[in-house]
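What follows is each chain in one-letter form.
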Amino acid sequence: EVIEIECGEFNDTDWNGKCLFKYVGLLKHMSDCEIVLDADTIFLSNMDYLFDYIEDGKIIGSVENDCDFIHKAYYKTEEELEIANTTIKNELRKTLGNVIDNYSLDFEHKIYNGGFLGFNKIKHSHLLEKTIKLLSDKFKDRRNPIFDNEQYMVNFLIALYNEEVVGLPYSEWMNTWDSHK
């Protein structure tokens with residue numbers, strides 16, 4: 001189904017630059033189970049079984065480049081990292097509440113490609129809503145890329161909330177992407 005959505009109160013930087021159009025549109029038009037796909041995604045076999053995972057409340061996705069996102073790598077000194085950690089926790093607590101206590105100085109998580117993620121409307125809408133809210137707020141730690149786009153932020157939230165993800169092998173599900181080269 002092709003849908004049209006208006007950007008409403010969002011500025012171009014948030015709407016297009018941070019790709020908020022994906023999750024705003026998804027929340028407004030979401031079926032019980034949805035798989036967000038980039039326009040350049042093709043399937044050469046049946047993917048219906050993926051919806052069984054989503055119906056069971058699991059997220060489906062493929063880890064991008066089989067790498068973890070390591071938050072402390074973006075800070076030069078321990079002092080800078082501690083200040084950033086405290087600031088990020090204080091700011092995000094306003095939206096996330098105590099779940100932000102799961103964030104620490106050595107926090108790491110997977111990055112599932114934002115162009116291939118499956119969500120359950122009942123179980124995962126809060127992740128989409130919080131991604132939109134956090135990315136459109138004025139706060140941003142310029143060094144930490146989680147504030148740059150929906151892919152990084154939603155993966156951060158998936159990890160914070162300890163959501164179950166069925167990880168699909170990158171070599172099978174993303175084999176034509178070649179790390180976006």
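Draft legend 1. Focus on the nonpolar core. Counting residues in hydrophobic clusters, the biggest one holds 39 residues, and the most contacted among them are F119, F156 and L160. At the level of elements, α2 (20-29), β2 (59-70), α4 (78-96), β3 (108-120), α5 (121-136) and α6 (150-160) are the ones that each hand at least two residues to this core. Top contributing element to this core by residue count: α6, with six residues. Setting aside residues no more than four positions away along its own chain, L160 makes contact with L96, V99, I100, N102, Y103 and F107. The next biggest cluster of nonpolar side chains, apart from the first, holds nine residues, and it includes C33, M47, V166 and L168.

Draft legend 2. Quick peek at the pattern of salt bridges. The full count for this structure, using the stated rule, is nine salt bridges. One salt bridge in this structure joins R93 and D101, with 2.6 Å as the shortest N-O distance. For R93, a relative accessible area of 30% gives the class partly exposed. D101 sits in the partly exposed class, given a relative accessible area of 42%. Note that K133 is salt-bridged to D137, the shortest N-O span being 3.0 Å. Classification of K133 by relative accessible area gives partly exposed; the value is 39%.

What counts as what
Residues numbered from 1 in each chain as written. Predicted model: local features only at pLDDT ≥ 70, side-chain atom pairs only at ≥ 80, totals over all residues. Heavy atoms only, no water. Core = buried A, V, L, I, M, F, W, Y, C linked by side-chain atoms within 4.5 Å. Buried < 20%, exposed > 50% of the residue type's maximum accessible area, 1.4 Å probe, protein only. Helix = DSSP H or I, 4+ residues; strand = E, 2+ residues; numbered from the N terminus. Contact = heavy atoms within 4.5 Å. Salt bridge = Lys/Arg side-chain N within 4 Å of Asp/Glu carboxyl O.

Shape is all these values report; function is a separate question.
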